[in-house]
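# A structural walkthrough
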Amino acid sequence: MSKLVYETQEQLKEKIIQAVNSAISNGELAEAELPEFIIEKPADKKNGDFSTNIAMAGARVYRKAPGMIAEAIVSNLDLEGTLFERAEIAGPGFINFYLSQRYYSAIVNDVLESGDAYGRSDYGKGKKVIVEFVSANPTGPMHIGNARGGAIGDCLAAVLDAAGYDVWREFYVNDAGNQIEKFATSLEVRYLQLCGRDIEMPEDAYHGSDITAHAENFRKINGDKYAEAESSERRKALVDYALPINIEGLERDLKAYRIVYDNWFRESTVHGNGGVQNVINALKEKGVTYEADGALWFKASEFGNDKDIVLVRANGLPTYIVPDIAYHYNKLVTRGFDKAIDVLGADHHGYVPRMKAALTALGIDSDRLDCVIMQMVRLVRNGETIKLSKRSGKAITLNTLLEEIPIDAARFFFNLREPNSHFDFDLELAAKQSSENPVYYVQYAHARICSILRKAEEQGVVLSAPDMAQLDLLTSDEEKALIAHLSSLTEEIVAAARNYDPAKITHYVVELATLFHKFYNAQRVMNDDEELMKARLYLCLAVKDTIRNILTMLKISAPESM
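Everything numeric here is computed off the predicted structure, so don't read it as measured data.

On to the sheet that holds strand 7 (residues 263–266). The sheet built from 5 strands is open, its strands ordered 7-6-5-11-12 with parallel pairing. Two strands bound the open sheet, and with one partner strand each, they are strand 7 and strand 12 (369–374). Averaged over all pairs of adjacent strands, the angle between their axes in this sheet comes to 25 degrees, without regard to strand direction. Bridging between strand 11 (residues 339–345) and strand 12 involves 6 bridges; their strand directions are parallel. Bridge pairing in strand 12 links Asp342 to Cys371. Contacting strand 6 (166–173) and strand 7, helix 9 (residues 231–256) crosses the sheet at an angle of about 150 degrees to strand 7. Across the sheet, helix 13 (residues 351–361) touches strand 11 and strand 12, and the angle it forms with strand 12 is around 175 degrees.

So, in structure tokens, the structure goes:
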């Protein structure tokens, strides 16, 4: 919550405690230790702006009915000097508190004074958090799932930053292991076919047009000289040529999607620096491994996993999990991040307990690793699902998606649902310029306010620092609802960071736009009452700044005209 909202709530808590102590002093309540109680915002505004259950919580210690306790507290309550105007008893003993008009004025003033910083907090206390997301295999272009993962991961990092964490964005490049071997096979077959060899592409290889393009370009440079080379030499040459191009392409495409990483960490690093072998040795030393069928196994079942897992195959090669363990060890121990957050696809449910088991076995608190599981996306056009096939090379890639819809729409739409929910991406709606399109709806609210402020300036209206007496004129239901929503931004950002759900922020800004449009349609901004007009212009300015702050955080443009 914003500083003002927090201070208001803390002030209320203090006043309640003072009232209890006063009631004890004059004998209305028995002397007893203060019970634990809560202060919350009621769902229904008719029940006040804040409500407390202290009367019910104190029934046992004060040995009175909650209604009588509530009466004693309210009769001793002094709200002088606070932003509350009254308290009422409701139901079995709830005490409901109603904010004064000055509170709403103070919120608008707080938004305007805070400027770009409005909504930010120190909730995270500067803890170091690394968010790893997308991490697509560099064996081909990014698909639609990577597009969702990119938007979710980048916006989650932004939300964590706004909530006061020290955030690091990272892409984990799988430049070793089975995927690279399959990549090498695919390139080799296409190259040999171009050289006139009668050879078939394996069914489980990569059949995309990008593989053929790499092979053709490689042959233009090298001719047929690698056709007669040893397979290992040929495969290495092909991968050394194509892999950097793919990685460079991933980085370029993600930058176009407004994602810039602090670091691109290569899997080959933990192979080259001994990290993989160190993990194997450490697990052996801790006595949590055993040998069976010629392979080395990790006793993962002793650490919460459903079964043991192979670390080193009978052929002496580590399984994919070992470099991943080494990578997480690098994040949490070598580089000392307080928390590692992985944004993973729906097929990684089993991966999480395996990784946490390994970290626990290595003596690392597994709670320092959190994984956001992201469900699949279905692309919909004309009400029909678009079929995708990565193997056939006919999948819609991130690039082809952004050729069809604006980047603003892609980033916003992919954050309209919590990560763990299935999502239908309506391509027609994302490209539509109407109020049906949520990102257009929000941007239009921002542009409309900019237009209002321009017209006011053209009419000679000068806005400087608001006068609190002016802001006290914002008394309509629409104005209060809009201001109340403004007051909750910091709280929403903290909740989004705590729950790893940046969709909370897109929902917040859509609701903000809705409340603004309701206010604009119900209350005339430009009117003959100069003080009221200025108050409403200041409210418009506060809403504009808040929308801009949110869209900027989500790396979405905030147009001043549409």
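After presenting the structure, the write-up continues.
Membership of the largest hydrophobic core comes to 147 residues, with the highest contact counts inside it found for Leu160, Phe414 and Phe425. A total of 12 residues in this core trace back to one element, the largest contributor, which is helix 22 (residues 530–553). Excluding residues that lie within four positions of it along the chain, Phe425 makes contacts with Val377, Arg378, Leu379, Val380, Ile405, Ala410, Phe413, Phe414 and Ala430. Membership of the second largest hydrophobic core comes to 36 residues, among which are Val276, Leu332, Phe337 and Ala357.

On to the side chain of Lys15. Relative to the assigned elements, Lys15 resides in helix 1 (residues 3–25). Within the buried set, Lys15 has no salt-bridge partner at all; the shortest N-O distance to an opposite charge, 4.5 Å, is to Asp78. Setting aside residues no more than four positions away along its own chain, Lys15 makes contact with Leu77, Asp78, Glu80 and Thr82.

Within the open sheet, the 3 strands sit side by side as 8-9-10. Their pairing is antiparallel. Here the strands that pair on one side only, and so sit at the sheet edges, are strand 8 (289–292) and strand 10 (309–312). Strand-to-strand, the axes of this sheet are offset by a mean angle of 45 degrees, without reference to chain direction. One ladder, built from 4 bridges, connects strand 8 with strand 9 (residues 295–298); its direction is antiparallel. Considered in strand 9, the bridge of Glu291 is made with Leu296.

Right, let's get into helix 20 (residues 489–499). Of all the positions in helix 20, only Leu489, Thr490, Ile493, Val494, Ala495, Ala496 and Ala497 are classed as buried. Along its buried surface, helix 20 packs onto helix 6 (144–162), helix 19 (477–487), helix 21 (503–522) and helix 22. Tyr500 occupies a position one or two residues after helix 20 and carries a positive phi of about 55 degrees.

Structurally, Asp529 can be placed in the loop between helix 21 and helix 22. A relative accessible area of 40% places Asp529 in the partly exposed class. Note: C-alpha distance between Asp529 and Phe423 (106 residues apart in sequence) is 48 Å.

The rules behind these values
- What you see as residue numbers is a count from 1 along each chain, following the sequence as written.
- Since the coordinates come from a predicted model, pLDDT governs what is reported: local features require at least 70, and pairs of side-chain atoms require 80 or more to be given and counted, while whole-chain, interface and lining totals use all residues.
- Excluding hydrogens and water, the side-chain values take into account all heavy atoms of the structure.
- One bridge is not enough; two strands pair if DSSP finds at least two bridges between them.
- The helix and strand labels rest on DSSP assignments: H or I over at least four residues marks a helix, E over at least two residues marks a strand, and numbering proceeds from the N terminus.
- Axis geometry follows a simple rule: fit a line to the C-alpha atoms, using only the stretch in contact for helices, then measure angles between N-to-C directions, giving values from 0 to 180 degrees.
- Residue contacts follow a heavy-atom distance rule, with two residues in contact if any of their heavy atoms lie within 4.5 Å.
- In plain words, nonpolar cores are sets of buried Ala, Val, Leu, Ile, Met, Phe, Trp, Tyr and Cys residues tied together by side-chain atoms within 4.5 Å.
- Exposed residues in this analysis have more than 50% of their type's maximum accessible area, buried residues have under 20%, and partly exposed residues fall in between, with area computed by a 1.4 Å probe over protein chains only.
- For the charge count, each Lys or Arg is scored as positive and each Asp or Glu as negative, with His and the chain ends excluded.
- Salt-bridge detection follows one rule: a side-chain nitrogen of Lys or Arg within 4 Å of a carboxyl oxygen of Asp or Glu.

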